[in-house]
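# Chain and residue survey
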Amino acid sequence: MRGTSFETAKNPMHIIILGQEGVGKSALTVRFLTRRFLSEFAESEEMSYERTMTLDDRQVSLRITDVSGKSLQTRGASRELLMQADAAVLVYSVTDQSSVTAARHALGCMRKYRPSVTSVTHAQTSGHRRGQSSGQATSGMLLPLPVLLLGNKNDLDHVRTVQRHKEKQEWCSDYTLTSECSARDDAEGVTSLFNNLIKKVLEIREPLHRSGRKLSQGVLGSPSQLRTTIKRRLSMFSRADRVATL
Ligand code: GDP
Ligand code: MG
């Protein structure tokens, strides 16, 4: 099994689920975690769940936070929440146009703190204009935040008010993937979309791990180089010992 930074529960991949109240955030979260559909989910407060799963031979520890819809305006734009997240699912309902507007607004706020690669350049230039440090936008830890913009309840086609999203399931260059699903009727679809998001996070992290490994090899050398260095150092000590005892 290949190692990732998410292989231990100490450092889980954090996915946040955001969207207006009633769009189906809790239904989607529970569907993904348990494969069951709960038609009524009493809890409207923020809830976090932890789970370890295997995906493409990798073990991934997840923390999923179902952010309360009431706090979309505040928490959706919360710097603290966004800086902790590795990925976000931004949910709207295909039966409610206002939920699309809220999701788009939240996406705009997200991109302020966690720019995509394309908007880092913009953030750098506007940062200069505002007299901020451009390093803020390019600091090592500021990785792109992949966002799944998800139109839920597409089983309710007869009361749809939002235009159907063309099914392409491709990531845009700004790390956004737009798609539709039904937490009620399509367990496979929900699982596949969440898995797609998790894979995107792993893909973003992969080059960092590779360069991290190279860096530590560069400092210490490969295991065989390290053995040779230690042997050479130890032989110097034993020579010095011999000289001292003569
Ligand atoms: P939240 O406030 O965003 O967490 O929304 P909930 O998960 O509590 O869902 C709100 C309502 O929408 C509940 O009555 C759910 O049963 C219903 N719901 C959630 N997902 C779907 C779906 O895919 N299709 C249909 N028809 N109803 C759904
Ligand atoms: Mg809920």
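In the vicinity of ligand 1 there are 18 residues, among which G22, K25, A27, S39 and D155 approach most closely. Within the side chain of K153, one N or O atom sits 3.0 Å away from an oxygen atom of ligand 1. Summarising the interface, the protein chains cover 83% of the accessible area of ligand 1, which totals 570 Å² for the free molecule. No other element matches helix α1 (residues 25-34), which puts 3 residues into the shell around ligand 1. For the shell around ligand 1, a count of residues per class yields 5 nonpolar, 7 polar and 6 charged.

Within the element layout of this structure, S93 appears in strand β4 (residues 87-93). A residue is classified by how much of its surface remains accessible, and S93, at 2% relative accessible area, is buried. In this structure the side chain of S93 is engaged in a polar contact, spanning 2.7 Å, whose partner is the side chain of T95. If sequence neighbours within four positions are ignored, S93 has contacts with V23, S99, N152, K153 and V162.

In this structure, E180 sits in strand β6 (residues 176-180). Residue classification places E180 among the buried residues on the basis of a relative accessible area of 5%. In terms of polar contacts, E180 uses its side chain to reach the side chain of N154, at 3.5 Å. Within polar-contact distance, the side chain of E180 engages the backbone nitrogen of H165 at 2.9 Å.

Here we take up the sheet that holds strand β5 (residues 147-152). Pairing within the open sheet is mixed, and its 6 strands lie in the order β2-β3-β1-β4-β5-β6. The open sheet has two free edges, formed respectively by β2 (47-55) and β6, since each of these has just one partner strand. The sheet shows a mean angle of 20° between the axes of neighbouring strands, direction not considered. Taken together, the 5 bridges between β5 and β6 define a ladder with parallel strand orientation. Bridged to V147 within β6 is T176. The sheet contacts of α1 involve β1 (13-19), β2, β3 (58-66), β4 and β5, and relative to β3 the element is tilted by about 160°.

A few words now on the environment of L177. Within the fold, L177 resides in strand β6. On the basis of relative accessibility, which here comes to 0%, the residue L177 falls in the buried class. It is 7.9 Å that separates the C-alpha atoms of L177 and P146, two residues lying 31 residues apart in sequence. Not counting chain neighbours up to four residues away, the residues in contact with L177 comprise V147, L148, L149, Q169, E170, W171, L193 and N196.

Now for unusual backbone geometry. Phi is positive for R35, close to 65°, though the residue is something other than glycine. Positioned with a positive phi, D57 is a non-glycine residue whose angle comes to about 70°. Positionally, D57 belongs in the loop between β2 and β3.

Of all the 9 residues making up β3, 7 are buried; the element is thus mostly covered by neighbouring parts of the structure. Two strands pair when backbone bridges link them, and β1 and β3 are joined in this way by 5 bridges, in the parallel orientation. Across the sheet, residue I17 finds its bridge partner in β3, namely D66. Where β2 lies against β3, 9 bridges are found, and the strand directions are antiparallel. The partner of R51 across the bridge, within β3, is L62.

Calculation rules
- Residues numbered from 1 in each chain as written.
- Chains lettered and ligands numbered in written order.
- Predicted model: local features only at pLDDT ≥ 70, side-chain atom pairs only at ≥ 80, totals over all residues.
- Heavy atoms only, no water.
- Near = heavy atom within 4 Å.
- Polar contact = N/O pair within 3.5 Å; in protein donor to acceptor, adjacent residues only side chain to side chain.
- Areas by Shrake-Rupley, 256 points an atom, 1.4 Å probe, with all protein chains shown as cover.
- Helix = DSSP H or I, 4+ residues; strand = E, 2+ residues; numbered from the N terminus.
- Nonpolar A, V, L, I, M, F, W, Y, C, P; charged D, E, K, R; others polar.
- Buried < 20%, exposed > 50% of the residue type's maximum accessible area, 1.4 Å probe, protein only.
- Contact = heavy atoms within 4.5 Å.
- Pairing = 2+ DSSP bridges.
- Axes fitted to C-alpha atoms, helices over the stretch in contact; angles between N-to-C directions.

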